[in-house]
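Next come the chains, spelled out residue by residue.
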Amino acid sequence: MKEQMKMLVELQKLDAEIFDRKKILEEVPVRIKELENGLEAKSTHLKSLEEDLKKLKVSQKQREMDLETKEQGIKKHQGQLHQIKTNKEYAALEKEIASLKADNSLLEEEIINLLDQSDEMQKAVSGEKKVLEDENKKSVEEKKKIEAEKNKSEAELNNLNAKRLEFAKNIDQGILPKYERILHNKAGHAVVSIAGNACGGCNMSLPPQVINEVKLRASLIFCENCARILHAE
Ligand SMILES: [Zn+2]
């Protein structure tokens, strides 16, 4: 059993490494998706800013046209003033002209305001474009890095799997399935050391009798709490 325990500890080392590589590989699509989501969010933000800028420009254009129409109205009315016969009509027309002029001065103010807002929005759009460009570049680099890590982990995993296949032949066929079941249930860690007086897997403190049994190495001793195989360094 002492020999078997030593082998199990060695097998566990291999399995822990295999588990690590598998985890890295599982995370590859998640990391890529995260990168893509980040870019998509930035791109959506940029589009919404551009949409806002467009609306401001349309609004500005409408007011400019309105202003132009009213300017023509004022000129027309000013021309009509000479042909007016009565004071009453004259006063009414002058009132009309004054009202159009008041409208126009309001429109001019609004146009200036919209121009300022467009300038600000244009700056925000340019800034966001630059951010997106940088993020795109970073993302290409990051994807290359992830791809390289993936290739490395795949190669290592193949190596480790081959080693593991060979090494597992040393383990008693009565023990191996138990070990593998725990390995599967406990995220790649079936054999754990005793740390202080506690289980290295779940940190539950172990009775002295259990610790003694582990040290004797006469049989497989399991943690009562997490069911992992206990091992004393
Ligand atoms: Zn435990």
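Counting starts from 1 at the beginning of each chain's written sequence and moves along it residue by residue. Residues qualify for local features only when their pLDDT is at least 70, as the model is predicted, and side-chain atom pairs are given and counted only at 80 or more; totals for whole chains, interfaces and linings, by contrast, use all residues. Excluded from the side-chain calculations are hydrogens and water; all other atoms, namely the structure's heavy atoms, are used.

## Considering the coordination of the zinc ion
Link 1 in the chain: Coordination of the zinc ion by the protein comes from Cys 199 (SG), Cys 202 (SG), Cys 223 (SG) and Cys 226 (SG), over a distance range of 2.2 to 2.3 Å.
Link 2 in the chain: Donor atoms: N, O and S within 2.8 Å of the metal, or within 3.2 Å for Na, K and Ca. Because water is excluded, sites can look incomplete. By the criteria applied here, four donors are tetrahedral when all angles lie between 85 and 135 degrees, four are square planar and six octahedral when opposite donors are over 155 degrees apart and every other angle lies between 65 and 115, and any other arrangement is irregular. Here the zinc ion binds 4 donor atoms, and the angle range of 105 to 114° at the metal identifies the geometry as tetrahedral.
Link 3 in the chain: Binding-site remark: the zinc ion is held by donors from one chain whose sequence spacing is C-x2-C-x20-C-x2-C.
Link 4 in the chain: Accessible area is worked out with a 1.4 Å probe on protein chains only. A residue is then buried under 20% of its type maximum, exposed over 50%, and partly exposed in between. The exposure class assigned to Cys 202 is partly exposed, which follows from its relative accessible area of 23%.

## Description of helix α1 (residues 2-80)
Link 1 in the chain: Under the 1.5 Å per step criterion, the end-to-end length of α1 is 116 Å for 79 residues, consistent within 8% with the ideal 117 Å.
Link 2 in the chain: One fitted axis covers the seven residues ending at a residue, a second covers the seven starting there, and the bend at that residue is the angle between these axes. The way it works is that DSSP assigns letters per residue, a run of H or I at least four long becomes a helix, a run of E at least two long becomes a strand, and they are numbered from the N terminus. Roughly 30° is the biggest bend found in α1, and it falls at Val 28, with proline Pro 29 one to four residues downstream. To estimate how far a helix should extend, the number of its residues minus one is multiplied by 1.5 Å.

## Concerning the sheet that holds strand β2 (residues 198-199)
Link 1 in the chain: Paired strands, in this sense, are two strands between which DSSP finds at least two bridges. Read across the open sheet, the 3 strands follow the order β2-β1-β3; overall the sheet is mixed. Looking along the sheet, the strands with just one partner apiece sit at the ends: β2 and β3 (229-231).
Link 2 in the chain: The sheet contact formed by strand β1 (residues 191-195) and β2 spans 2 bridges and is antiparallel. By the bridge assignment, Ile 194 is partnered in β2 with Cys 199.
Link 3 in the chain: In this description, contact between two residues means that some pair of their heavy atoms is separated by no more than 4.5 Å. Helix axes use the C-alpha atoms of the stretch in contact, all axes being lines fitted to C-alpha atoms, and the angles between their N-to-C directions lie in the range 0 to 180 degrees. Sitting on the sheet, α1 is in contact with β1 and β3, with an inclination near 105° to β3.

## Brief notes about the packing of α1 against helix α2 (residues 87-167)
Link 1 in the chain: In the contact formed by α1 and α2, the axes pass within 6 Å of each other and the chain directions differ by 165°. In terms of orientation, α1 lies roughly antiparallel with respect to α2. When the axes of α1 and α2 are compared, the crossing they make is left-handed.
Link 2 in the chain: Put simply, Ala, Val, Leu, Ile, Met, Phe, Trp, Tyr, Cys and Pro go in the nonpolar bin, Asp, Glu, Lys and Arg in the charged bin, and everything else, Gly too, in the polar bin. Looking at the contact of α1 with α2 residue by residue, the class counts come to 32 nonpolar, 16 polar and 32 charged. Put simply, angles under 35 degrees are roughly parallel, angles over 145 are roughly antiparallel, angles from 65 to 115 are roughly perpendicular, and the rest are oblique. Crossing handedness is read from the near helix: turned anticlockwise from the far helix by less than a right angle, it gives a left-handed crossing, and turned clockwise, a right-handed one.

## Notes on the environment of Glu 166
Link 1 in the chain: When you line up the elements, Glu 166 lands in helix α2.
Link 2 in the chain: Taking C-alpha positions, Glu 166 is 85 Å from Leu 107, a pair spaced 59 residues apart along the chain.
Link 3 in the chain: Under this definition, polar contacts are N or O atom pairs within 3.5 Å; protein pairs additionally need one hydrogen-donor-capable and one acceptor-capable atom, and for neighbouring residues in sequence, both atoms have to be side-chain atoms. Here the side chain of Glu 166 touches Lys 169 through a polar contact of 3.2 Å, side chain to side chain.

## Overview of the domain arrangement of the chain
Link 1 in the chain: What counts as a domain boundary in this text is fixed by an automatic or database domain assignment. Taken as a whole, the chain is organised into domain 1 (20-169) and domain 2 (172-233).
Link 2 in the chain: Centre-to-centre separation of domain 1 and domain 2, based on C-alpha positions: 59 Å.

## Some thoughts on empty space enclosed by the protein
Link 1 in the chain: Cavities and pockets are defined on a 1 Å grid built over the protein atoms alone: a cavity is a set of grid points where a 1.4 Å probe fits but cannot escape, while a pocket is an open set with protein on both sides within 12 Å along at least five of seven lines, and lining residues are those with an atom within 4 Å of any such point. Grid points are joined across faces, edges and corners, and a volume is the space filled by probe spheres set on the points. Under the counting rule described, the total for this entry stands at 1 cavity of 30 Å³ or more.
Link 2 in the chain: Looking at the largest cavity, its volume works out to about 50 Å³.
Link 3 in the chain: For the largest cavity, the full set of lining residues is Met 5, Val 214, Arg 217, Ser 219, Leu 220, Ile 221, Leu 230, His 231 and Ala 232.
Link 4 in the chain: A breakdown of the residues in the lining of the largest cavity according to their chemical character gives 6 nonpolar, 2 polar and 1 charged.

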